[in-house]
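# Per-entry structural report
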Number of protein chains: 2
Amino acid sequence: MSAARPITLKALAQQLGLSPSTVSRVLSDPAGRDSKWAAPETTARILALAESSGYRPNPYAASLRTNRSNLVGVIVPRLQDYVLATIYEGIDEAALAQDYLTMVSNSLDVPERQRDKAERLLSHRVDGLIFGDASAANLPYLDELSGRGVPHTLVSRRVPGHVSVTCDDHEGGRLIARHLVASGRSCFGVIAGRPGTSTSIDRTAGFLDELEQLGVPRDDVSLISGGFDTPAGREAALRLLAERPSTDAIFAVNDFAAIGALGVLHARGIRVPDDIALAGFNDTALAAGVELTTVRSPMHEMGKRGYALLVEILGGGTPESELLTPELVIRATA
Amino acid sequence: MSAARPITLKALAQQLGLSPSTVSRVLSDPAGRDSKWAAPETTARILALAESSGYRPNPYAASLRTNRSNLVGVIVPRLQDYVLATIYEGIDEAALAQDYLTMVSNSLDVPERQRDKAERLLSHRVDGLIFGDASAANLPYLDELSGRGVPHTLVSRRVPGHVSVTCDDHEGGRLIARHLVASGRSCFGVIAGRPGTSTSIDRTAGFLDELEQLGVPRDDVSLISGGFDTPAGREAALRLLAERPSTDAIFAVNDFAAIGALGVLHARGIRVPDDIALAGFNDTALAAGVELTTVRSPMHEMGKRGYALLVEILGGGTPESELLTPELVIRATA
DNA sequence: CCGATTGCCACAAACGATTGTGGCAATCGG
DNA sequence: CCGATTGCCACAATCGTTTGTGGCAATCGG
C-alpha cells in the first residue's frame, strides 16, 4: 500500500562505505564499467549494488542542481490528427533513445492556446520546444521565443526565420499535378486546407506551378480553403461540385480532407476515378484503406529530425532547416 | 541569446524585504488574495511583484521537497490510434485544469514495452499512471504495480482487479445486434479485434448474447480475430467472404477495421448496405466521413474520468470502476 | 633517495523550493 | 490591569543530487 520511498544516493553510498560524490560520479559516467573515478573493484561494487537495489536517481534533485531537465516539450495542433500523432511518435522515439522524455500538448491551432501550452511547458523547465503548429497566426510568439533565447524547432510546417524540418510540399504538389495531367485530366479543383499554413500554401503552389508549366490555363483550376479534416473536405467538395460541375480531378492537400471529399463523391454516385480523379497528401494509414492516391510524406522521419535539430541547438549548434523528399503513391482513385 | 536564469523565490523575498518562507506561503495559498499568512497589504505586494517579475516556481525544487511531481504518466497502445489519442486528450484536458501535466508513451501493445515505458515514467517520479493498453498479456505487470503500491487506473480496456473506466462494450455489442436483426439480416460476421482485450471480448460477447436472445442460431455467425486497424479489417473481411459467402451483415468491433472491410466490399463491387450491412464501433471522425453506422463510445469523457479516478486514488480514496454508456449511431452502411 | 605525479576518494557547498517551530507585538477576555 | 490569544513574520532544516576542491598514499622520474 504505502509506496516505499525510493533508495537515495546517500543510502547507497552508506551501504558501500563510500561518499555520495564517488558513487554519483561512477554512476553518471558514460564510460560505465571502466570509469576513471574509482578503482575497478570499487566501480564494480557500486554498479552491482545500484543494480540490485534498483536505484533510480531522483531526476528532480539532478535537474535542480544541473539546471537541465532532459525534457522537451512538443506542441501540436491536435493529437487526434494522425499526421501529427505520427510525427510526435518520431520525436518521442528519438528522444527516448537519448534518455530524453517528451511532453506533448494540443494547441488546436489557436494562437493564445499555443502560447499558453508552451508557457506551461516552459514553467516545467523543458530544455526546448518543438512546434508542429507554426503558422502566420502565431509567428509573433515564435519570434518572441527566439528573442527570449528559448531553443526550439518546427516540424511539419515552416515559417520564415525559424529552423524547421518539413516535407518538400511544393515538390509534392508538383508530383500530383504531373500525374493528373498525365492521366488526361483538364479541369482541376484544389481543396487547399487551412490558410496561413505552409503545408497548405506550398502544396497548392507546387500544384499550380506545375500545371502552369504543363500549359494548363489558370482558369481551369479552382481553389477552396478551409481546414484539414474530413468535414472540411466534405464541405469543400460540395462547393467545388456546385461551382464547377466540369471538374474532373480533385487534389486535397491532406488525406483526411480527401476522404471527406470521397464521401460526397460516393454519395453523389460519381465514379472515382472514372468521372473524377481524387488525390490526397501524406499517405496516412487510411489512404491505403480506401485506395487513395496520395503523396507519401516522411512523417516519422520528420519527427526524428526535428528532435535531432533541437538537440543540436541545445548543444550550441546552429543547424539549417531541412526539406524531406515526398513520394507519389498511385492507388485506385487517380 | 543566453536564456536568463529565471527569478527565484529567494530573490523575490529579498526585493520585498521579506523571508522566503512568507513569500512561499502566500504564493502557494489557494486562497490567493486573502491568505492568512501575511498582512493584506503585504500579500498584495507579494502578489504584485510575483506577477510583474514573471516569477515561476521551480517545479523541481518543489517536487524535491514535497515528494510529489504533479505529473501523471499515460501508456497507450499507440497514439496514432484516433481512439486512444482522443482518450488521451480527455486525460490531458482534465489534468491541465488541475495544474497537472501528463506524459504519454506508446506500448504498441507489447508487454515488455509497456513495462519499459511505465518504469521510465516512474523513474521520472510521476505521481500515478493511466493505462490504455491493459490486456490479459500484461495483467501480471499491472498486478505487480498494485503490489508495489503504485497508484494507477485503466481506461478503454478493463482487466480484473484494477479500477477502470470503460465504455459499456457489452451493451454496445447488443445495440448493433438488435439493429442488424431489426433490419432483416440473418447471416453475421464479426471482425473481433485483438484477442485478450476487453474491448474485443465484451463487444463480441454482447453481440452474440443479443443474437442468441433474438433467436438467431449460433451457427449463423462467424468470428474472426486479428487486430484493430485497417489492414486487419481488410484481411478479416476477405476471409469472411471466402469462408461464408452468404454473410449479409458484418460487425467490426472498431471503426478502423470496419473501414478496412468497407474497402474490400467496395473493391468487390458488393453494395453496402444492400448486399451486406456493415457496422463499426467508436464513432471516430472517419466514421462520419464514410457514412458508417457505428456505436458512439464516450472517448473524451473516458479520459477525463480515468484521470479523475486516479486523483481520487492519489487522495487516498478507493473509487469504483465506471462503465460509460454507448449510443447507437445509424448512418448509411447499416 | 627525494620531489612531483597519479590514482582514489571524501568534504562540503550549492540548486530552489516547503514547512515545523518559534518570536514579538498588538489585541482580547474577564 | 494582567495573562492568554491572535496576527504577522523570520529561522533554519530538509529534499537528493552534482561538482569544485583538496587530501592521502602509492608510484614515478631522474
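Bear in mind that the values here come from a model prediction, so they are computed numbers and not experimental data. (Residues numbered from 1 in each chain as written. Chains lettered and ligands numbered in written order. Predicted model: local features only at pLDDT ≥ 70, side-chain atom pairs only at ≥ 80, totals over all residues. Heavy atoms only, no water.)

### Quick notes on the relation of the copies chain B and chain A
Once turned by 180° and shifted 0.0 Å along the axis, chain B lies on chain A with an RMSD of 0.1 Å. When the rotation and shift are considered jointly, the pair of chain copies conforms to a two-fold rotation axis. Most of the interface of chain B is mirrored in chain A: 100% of its interface residues are interface residues there too. (Least-squares fit on C-alpha atoms with pLDDT ≥ 70 in both. Contact = heavy atoms within 4.5 Å.)

### With respect to unusual backbone geometry
For the bond running from Val272(A) to Pro273(A), omega is 5°, close enough to zero to count as cis. Tracing the backbone shows Pro273(A) in the loop between helix 11 (255–267) and strand 9 (277–279). You will see that Glu291(A), though not glycine, has its phi angle at about 60°, which is positive. Note that Glu291(A) resides in the loop between helix 12 (285–289) and strand 10 (294–296). Even without glycine at this site, Asp283(B) takes up a positive phi of about 55°. (Helix = DSSP H or I, 4+ residues; strand = E, 2+ residues; numbered from the N terminus.)

### Regarding the UniProt feature "domain: HTH lacI-type" (unreviewed entry) in chain A
Taken from the UniProt record, the annotation "domain: HTH lacI-type" (unreviewed entry) applies to residues 7–66 of chain A. Span residues 7–66 of chain A is 63% helix and 0% strand, its end C-alpha atoms 20 Å apart. (UniProt positions renumbered as here; feature names shortened; annotations may be inferred.)

### Things to note about the sheet that holds strand 2 (residues 101–106) of chain A
Residues and elements named next belong to chain A. Ordered in space as 2-1-3-4-5-11, the six strands form an open sheet in which the pairing is parallel. The two strands at the open ends of the sheet, each matched to only one other strand, are strand 2 and strand 11 (322–324). Each strand axis lies, on average, 20° off the axis of its neighbour in the sheet, ignoring direction. The strands touched by helix 13 (residues 299–314) within the sheet are strand 1 (71–76), strand 3 (128–131), strand 4 (152–155), strand 5 (164–167) and strand 11, with strand 4 carrying the most contacts at an inclination of about 165°. (Pairing = 2+ DSSP bridges. Axes fitted to C-alpha atoms, helices over the stretch in contact; angles between N-to-C directions.)

### Concerning the pattern of salt bridges
Side chains that differ in sign of charge can pair as their charged atoms come close. All told, the structure shown has 44 salt bridges over all chains when counted by the stated rule. Measuring nitrogen to oxygen at the nearest pair gives 2.4 Å for the salt bridge that ties Glu119(B) to Arg56(A). Taken together, the positions of Glu119(B) in helix 6 (residues 111–123) and Arg56(A) in the loop between helix 3 (40–52) and helix 4 (59–66) put the pair across two chains. Its relative accessible area of 13% is what places Glu119(B) among the buried residues. Asp283(A) serves as the salt-bridge partner of Arg296(A), at 2.9 Å between the closest nitrogen and oxygen. With a gap of 13 residues between them, Arg296(A) in strand 10 and Asp283(A) in the loop between strand 9 and helix 12 connect regions that are remote in the sequence. (Salt bridge = Lys/Arg side-chain N within 4 Å of Asp/Glu carboxyl O. Buried < 20%, exposed > 50% of the residue type's maximum accessible area, 1.4 Å probe, protein only.)

### Some points on the nonpolar core
Counting 137 residues, the largest nonpolar core has Phe207(A) and Phe207(B) as the members making the most contacts within it. Each residue touching Phe207(B), except ones within four places of it in the same chain, is listed here: Gly173(B), Arg174(B), Ile176(B), Ala177(B), Leu180(B), Phe188(B), Val190(B) and Phe251(B). Counting residues in each nonpolar core, the second largest holds 38 residues, with Met103(A), Ala134(A), Leu145(A) and Leu121(B) among its members. (Core = buried A, V, L, I, M, F, W, Y, C linked by side-chain atoms within 4.5 Å.)

### What to know about the packing of aromatic side chains
Residues and elements named next belong to chain A. With the rule as written, the count across this model stands at nine aromatic pairs over all chains. An angle of 45° between the planes, with centres 6.4 Å apart, marks the rings of Phe 251 and Phe 281 as tilted. Remark: Phe 281 occurs in the loop between strand 9 and helix 12 and Phe 251 occurs in strand 8 (residues 249–252); sequence separation between them is 30 residues. Looking at Phe 251, the relative accessible area reads 0%, which means it is buried. (Phe/Tyr/Trp six-rings, centres within 6.5 Å; stacked < 30°, edge-to-face > 60°.)

### Observations concerning the side chain of Asp202(B)
Mapped onto the secondary structure, Asp202(B) falls in helix 9 (residues 198–213). Residues within four places of Asp202(B) in sequence aside, it is in contact with Arg158(B), Asp169(B) and His170(B).

### Some details on the protein's contact with DNA strand D
Residues in close proximity to DNA strand D total 28 residues, the closest being Leu9(A), Ser24(A), Arg25(A), Arg65(A) and Ala39(B). For DNA strand D, the backbone portion of the atoms within 4 Å of the protein, that is sugar and phosphate, comes to 60%. Contact between DNA strand D and Tyr55(A): a phosphate oxygen at 3.1 Å from a side-chain N or O atom of the residue. Within the backbone of Arg65(B), an N or O atom sits 3.4 Å from a base oxygen of DNA strand D. When contributions to the surface near DNA strand D are tallied by element, the ones reaching two or more residues are helix 2 (20–28) and helix 4 of chain A together with helix 2 (20–28), helix 3 (40–52) and helix 4 (59–66) of chain B. In terms of residue count, helix 4 of chain A provides more of the surface near DNA strand D than any other element does, four residues in total. Considered class by class, the residues forming the surface near DNA strand D number 12 nonpolar, 10 polar and six charged. (Near = heavy atom within 4 Å. Polar contact = N/O pair within 3.5 Å; in protein donor to acceptor, adjacent residues only side chain to side chain. Nonpolar A, V, L, I, M, F, W, Y, C, P; charged D, E, K, R; others polar.)

### Some words on the protein's contact with DNA strand C
Taken together, 27 residues surround DNA strand C, and among them Ala39(A), Leu9(B), Ser24(B), Arg25(B) and Arg65(B) come closest. Counting only atoms of DNA strand C within 4 Å of the protein, the fraction found in sugar and phosphate groups is 61%. For DNA strand C, a base nitrogen lies 3.0 Å from a polar atom in the side chain of Ser21(A). Ala61(B) places a main-chain nitrogen or oxygen 3.2 Å from a base nitrogen of DNA strand C. Of all elements in the fold, only helix 2, helix 3 and helix 4 of chain A together with helix 2 and helix 4 of chain B reach the threshold of two or more residues within the surface near DNA strand C. If one sorts the elements of the surface near DNA strand C by residue count, helix 4 of chain B sits on top with five residues. In the surface near DNA strand C, the residues fall into 11 nonpolar, 10 polar and six charged.

### What to know about the sheet that holds strand 8 of chain A
Residues and elements named next belong to chain A. The four strands lie next to each other as 7-6-8-9, forming an open sheet whose pairing is parallel. Looking at strand neighbours, the two that pair on one side only are strand 7 (221–224) and strand 9, the edges of this open sheet. Within this sheet the neighbouring strands show an average axis-to-axis angle of 15°, counted without direction. Across the sheet, helix 9 (residues 198–213) lies against strand 6 (188–191), strand 7 and strand 8, angled at about 165° from strand 6, the strand it touches most. In the packing of helix 11 onto the sheet, the strands contacted are strand 6, strand 8 and strand 9, and the crossing angle to strand 9 comes to about 160°.

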